Each structure stands twice: as C-alpha cells, then as structure tokens.
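# Structure at a glance
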Amino acid sequence: MTRISALVTSAPAGGISYKNIDLQVNNEAKAKLKPVYTGLCGTDRMMISGNLPFTYNPKGQDYIVIGHEAVCQVLDIEDNKFNIKSGDYVVPVVRRPGSCVNCRIGRPDNCSDADHDVIEAGVRGLNGFNSEYFYDFPQNLLKINDKTNILINVLTEPTKNVMKAFEIFDKVSERSIFTGSDSTYMQKNCVIIGTGSEAFLYAFMAKEYTMNVFMTNRHSMPEDKMKIIDGINASFFNYKNETMPDYIDLLIDTSGDPETIMRFIRKLNYNGVCILFGTNGAAPGTDYTGIDISYIVEHNIVIAGSVDGSKKHYLDAIKYLNKWKYMPGSAVKYLITGIFSPDETEIFMKKPIEEIKSVIKW
Ligand code: NAP
Ligand code: ZN
C-alpha cells in the first residue's frame, strides 16, 4: 500500500494532524490527482474544533482527510470522455449525488434529503483534497482551460456557491420588473453583510450585474480590504456608526447573524430579495414582531436560503474567475491573503485578522 501525507481530522470529534495515511485506490476512480493548492474555510476550522455534528468519517476509517476547495493537476487519467488529459488542471466537486430526484438530474446542491442522500468530500463520508495524491472519477472534475495564474482557481469552489445564489436571484426577480426604468441594474442597491471571502466573491458578481454594491460589517475595514473594495468600485460602511443606503434591492448575508439580518431586512425595497448564505449555529437569537412580518408581506420580499452549487455553477465560476484574473487592478488576486505549507497546521486553528482566503500549497 502506498503511503502519502495528508491533513486529517476525526469527524465529528475534531483535532488535526498532518500524517501519513494509506493512499486509497478505488479501481473505478480513473483519475490520479495531485492537489496544487487547497483553500481553507470556516467549515474546515469548525470540523477541527469539533463543532460540526453532521460530519462523519468515510466507512472503515477513523479519520477523514479535510479540505473541499482545491485545484489539482491530473497525473494520470484513463477515461477521456470528459476531454481531460494528464497535465491538465482541474477542480474536483465537493458534493456527490445520491439517489433523490434532484441528485439524479445533476442538482445534488438541491438534494431532497442532504442529511442522508449525499456525501461530501472532506466533510461527510468521503476523503477531501488535502493529501499528496488522491483518486477521483473523471465526471467529478471540471477542467481549467486558462492555465495562467492557476492559484486564483482555488477560489472556484467558493465562487460556485455565489453562482448558485445568483441563479436563485435571477429566478425570483423574474416575478416583477426588477431592473430599473433604464432596463439595467445600475440603480439597484446590493448590500452584502460580511467581508470574508464569500462576501467578496458576492461583491464581484453583483458588480457583474452592474449593481451599486455595498459591503458592510460591524467594524471598520483595514486598508488592504478597502483597496479591494475600491478596486471593484464598491463601497463599504460600518453599520454600527455609518449610514446605510436608503433602500436595498438585493440583500446577501454571509454572517449568519439573525440580529444583523433582521436589521437589514427592514431596509429592503418593494420586490426586494434576500439571500441567506452564512450559517452560524452559535449566533444569539433576535426579536422580530408583527410589524416586521407585515413589512415583508407588504413589500413582496422573498427570503431564500442558498446552499452549495452544481457542476454548471462550477463551470460559471471558472468562467468568471478567468475573466476576473485580467480585471484592471487584479483585485481578485488580493483575495488570497496567505499561502502555507501543509505542516503549518496552526493556520487551521486560528483565523489571522487579515485573512480573506488562506491557501495550502502542496
Ligand atoms: P468568513 O470569512 O468567516 O465570513 C463571515 C463574515 O461575516 C466575516 O467577514 C465576519 O466578519 C462577518 N460577520 C460575522 N458576524 C457579523 C455581524 N454580526 N455583522 C456583520 N458581519 C458579520 O466565512 P466565508 O468563508 O466567507 O463564508 C461565509 C459564511 O457562509 C460562513 O458562515 C460559512 O459557514 C457560510 N458558507 C455557506 C455556504 C453555503 O453553501 N450556504 C458555503 C460555504 C460557506 P469578521 O471576520 O470581521 O468577524
Ligand atoms: Zn439527493
């Protein structure tokens, strides 16, 4: 059995170690992959601290390889049905479809029973991508055609979440005329709560729609983050002491904080859309009243949750990231705030203040 180094935890108990494990060879999985970069996110940190009860190890293992954001190089591939060859760069998908009707049509992101029907690499029942090598099925790989600045493509997985959320926005906003009287989104205000990696990717995408984009948090922004916000022509306000826009047409939450979300829902415009994306099971509750419910009803407000994304959202993510690589000022590259080696496991324990996206170089 080949031994490889990997970053592992034991789900759901937690902990982290960088150690040698047996390379799992699945004779059906025809692609041998070497991660080039993996991204680190809140889910990894919550697993390591033992705070994600729904996570579990693969069958027969007392550990799970962590990591679900990766860009990999193909070392070997037998099946060429997907036009992938050795040397290509690919992004592996996280969620693997189960047998429900949504999974069977390629939409495991909309799985009808996600607690039981799907498995997720690095999260539930399947090893993730933080290992020297791994095998996967070609149908789970999305090819990156633009091989320049491949580091940016480690953002594909978080960006696909944004693509899915905008698909929901597109569908919901069709029920009325959402665009302005000039047929564009240019007079529409999009507020994004939070200033982490997902929030920035939402801001990039809302700018693609030509909306006025406002990012917000409960404290001021350091200069390096302000540089990115300025670079995409968005704005920032500290909602604790700075005025917010008069109205919000599209509200996107990445904080998962009920009090903050309610504060902003009360500013949504007629036919406003609120996408709930952030999750924080430890956040305190908040009050809302009959007046809030009346406000939501009378304004035709839609509040929609959005989780994960499907293969088509990965493809959209690759397309937009390739575009953003060449954006004036290259704001997207500043989203990667630190590159670490796999043995620097402390990075999984504590989020650096300046972090937007920390990356492991394999
Ligand atoms: P992140 O870097 O931790 O971002 C969370 C952001 O929310 C941070 O900027 C944080 O600010 C901010 N925040 C927290 N409490 C706030 C409050 N009360 N008011 C304003 N801002 C607040 O995580 P991420 O990777 O970008 O992910 C964002 C969220 O989406 C996380 O909750 C994550 O679990 C969730 N997520 C959801 C999906 C999905 O499919 N729905 C997928 C991936 C991740 P500070 O850092 O300054 O505290
Ligand atoms: Zn399913």
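By convention here, each chain's residues receive numbers from 1 onward along its written sequence. Chains and ligands are labelled sequentially in the order written, the chains with letters from A and the ligands with numbers from 1. The model is predicted, so local features are restricted to residues of pLDDT at least 70 and side-chain atom pairs to those at 80 or more, both for listing and for counting; the totals for chains, interfaces and linings are taken over all residues. The side-chain quantities take in all heavy atoms of the structure and omit both hydrogens and water.

## A closer look at the site of ligand 1
Stated formally: Only a single heavy atom is needed: when it lies within 4 Å of a molecule or strand, its residue is near that molecule or strand. We define a polar contact as two N or O atoms separated by no more than 3.5 Å, with the added condition that, inside protein, one atom must be a possible hydrogen donor and the other a possible acceptor, whereas residues neighbouring each other in sequence contribute only through side-chain atom pairs. Accessible surface is estimated by sampling points in the Shrake-Rupley manner with a 1.4 Å probe; for residues, cover comes only from the protein chains shown. Three residue categories are used. Nonpolar comprises Ala, Val, Leu, Ile, Met, Phe, Trp, Tyr, Cys and Pro, charged comprises Asp, Glu, Lys and Arg, and polar comprises the others, including Gly.
Near ligand 1 you find 22 residues, and of these Thr195, His219, Tyr239, Ser306 and Asp308 are the closest. Tyr239 is positioned such that a nitrogen or oxygen atom in its side chain is 2.7 Å from a nitrogen atom of ligand 1. When ligand 1 is considered free in solution it has 910 Å² of accessible area, and contact with the protein chains removes 78% of it. Across the shell around ligand 1, the residue classes break down as four nonpolar, 13 polar and five charged.

## A few points about the sheet that holds strand E1 (residues 3-10)
Heads up, the rule is: Two strands pair if DSSP finds at least two bridges between them. Labels follow the DSSP assignment, with helices taken as runs of H or I lasting at least four residues and strands as runs of E lasting at least two, numbered in each case from the N terminus.
Overall, antiparallel pairing links the three strands, which are arranged E2-E1-E4 in an open sheet. A strand with exactly one partner marks an edge of an open sheet, and here the two such strands are strand E2 (14-22) and strand E4 (64-65). The sheet contact formed by E1 and E2 spans seven bridges and is antiparallel. Pairing of Ser5 across the sheet is with Asn20, part of E2.

## So, the pairing of strand E15 (residues 248-253)
Put simply, the rule is: Buried residues are those whose accessible area, probed at 1.4 Å on protein chains only, stays under 20% of the maximum for their type, while exposed residues exceed 50% and partly exposed ones sit between those limits.
A large share of E15 lies buried, amounting to six of its six residues. When strand E12 (residues 189-193) meets E15, the two strands line up parallel, connected through four bridges. The residue of E15 that forms the bridge with Ile193 is Asp253. As paired elements, E15 and strand E16 (residues 268-276) share five bridges and run parallel to each other. Residue Asp253 lies in a different strand from E16, and its bridge partner there is Leu276.

## Side note on the coordination of the zinc ion (ligand 2)
Selection rule: The donor definition counts N, O and S atoms within 2.8 Å of each metal and applies 3.2 Å to Na, K and Ca; water is not among these atoms, so some sites may look incomplete. Just to be clear on the cut-offs, tetrahedral is four donors with all angles between 85 and 135 degrees, square planar is four donors and octahedral six with opposite donors over 155 degrees apart and all others between 65 and 115, and anything else goes down as irregular.
Distances from the zinc ion (ligand 2) to its protein donors, Cys100 (SG), Cys103 (SG), Cys111 (SG) and Asp117 (OD), fall within 2.1 to 2.4 Å. Taken together, the four donor atoms coordinating the zinc ion (ligand 2) and their angles of 107 to 112° define a geometry best described as tetrahedral. On the primary sequence, the residues serving as donors to the zinc ion (ligand 2) are separated as C-x2-C-x7-C-x5-D. Here Cys100, found in the loop between strand E7 (95-96) and helix H2 (101-104), pairs with Cys111, found in the loop between H2 and helix H3 (114-117); they are eleven residues apart in sequence, far enough to count as distant. Considered together, Cys100 and Cys111 belong to a single accessibility category, that of buried residues.

## Things to note about the packing of helix H4 (residues 156-173) against helix H9 (residues 311-324)
Note the cut-off: Note on definitions: angles span 0 to 180 degrees between N-to-C directions of axes, and those axes are lines fitted to C-alpha atoms, for helices only across the stretch in contact. An angle counts as roughly parallel when it lies under 35 degrees, as roughly antiparallel when it exceeds 145, as roughly perpendicular when it falls between 65 and 115, and as oblique in every other case. A clockwise turn of the near helix away from the far one marks a right-handed crossing, whereas an anticlockwise turn of less than a right angle marks a left-handed crossing. By definition, residues are in contact when any of their heavy atoms lie within 4.5 Å.
Two elements in contact, H4 and H9, have axes separated by 8 Å at closest approach and are oriented at 110°. On the basis of their axis angle, the class for H4 and H9 is roughly perpendicular. Of the two possible hands of crossing, H4 and H9 adopt the one that is right-handed. Every residue of H9 that contacts H4 at Thr156, Glu157, Thr159, Lys160, Met163, Lys164 and Glu167 is listed here: Lys312, His313, Tyr314, Asp316, Ala317, Ile318, Tyr320, Leu321 and Trp324. Per-class residue counts for the contact of H4 with H9 are seven nonpolar, three polar and six charged.

## Some points on the domain arrangement of the chain
Put simply, the test is: Where a domain begins and ends is set by an automatic assignment or by a domain database. Using a 1.4 Å probe, buried area is obtained as the accessible area two parts lose upon being combined, added over both of them. Every case where a carboxyl oxygen of Asp or Glu lies within 4 Å of a side-chain nitrogen of Lys or Arg is listed as a salt bridge.
When its domains are assigned, the chain resolves into domain 1 (7-144 + 333-361) and domain 2 (161-305). The distance between the C-alpha centroids of domain 1 and domain 2 comes to 29 Å. A per-residue breakdown of the area domain 1 buries against domain 2 is headed by Tyr334, Leu335 and Ile356, which together make up 54% of the total. Summed over the shared surface of domain 1 and domain 2, the number is two salt bridges. Applying the counting rule to domain 1 against domain 2 returns three residue pairs in polar contact (both at pLDDT 80 or more). Looking at the side of domain 1 that touches domain 2 residue by residue, the class counts come to three nonpolar, one polar and five charged.

## Remarks on the environment of Val172
In this structure, Val172 sits in helix H4. Relative accessible area serves as the criterion here: at 17%, Val172 is assigned to the buried category. Leave out the neighbours within four places in its chain, and Val172 touches Val273 and Val302.

## Remarks on the pattern of salt bridges
Tallied over the entire structure, the rule returns 23 salt bridges. Across the pair Asp109 and Arg107 runs a salt bridge whose closest N-O atoms are separated by 2.7 Å. Each of the two residues, Asp109 as well as Arg107, counts as buried. For the salt bridge of Lys188 with Asp249, the shortest nitrogen-to-oxygen distance reads 3.8 Å. Note that Lys188 is positioned in the loop between H4 and E12 and Asp249 in strand E15, a separation of 61 residues in sequence. No difference in accessibility class separates Lys188 from Asp249, as the two residues are buried. Where salt bridges share partners, they join Arg95, Asp115, Glu120, Arg124, Glu157, Lys160 and Asp308 into one cluster.

## Brief notes about the sheet that holds strand E14 (residues 235-238)
Spatially, the six strands line up as an open sheet ordered E14-E13-E12-E15-E16-E17, and their pairing is parallel. At either margin of the open sheet sits one strand with a lone partner, and together these are E14 and strand E17 (302-305). Neighbour to neighbour, the strand axes of the sheet diverge by 20° on average, direction disregarded. On the sheet, helix H7 (residues 258-265) packs against E12, strand E13 (212-217), E14, E15, E16 and E17 and is oriented at approximately 170° with respect to E15.

## So, the nonpolar core
Put simply, the rule reads: By nonpolar core we mean a set of buried residues, namely Ala, Val, Leu, Ile, Met, Phe, Trp, Tyr and Cys, connected to one another through side-chain atoms within 4.5 Å.
Membership of the largest hydrophobic core comes to 61 residues, with the highest contact counts inside it found for Phe166, Phe169, Leu250, Trp324 and Leu335. It is helix H5 (residues 197-208) that provides the largest number of residues to this core, a total of eight residues.

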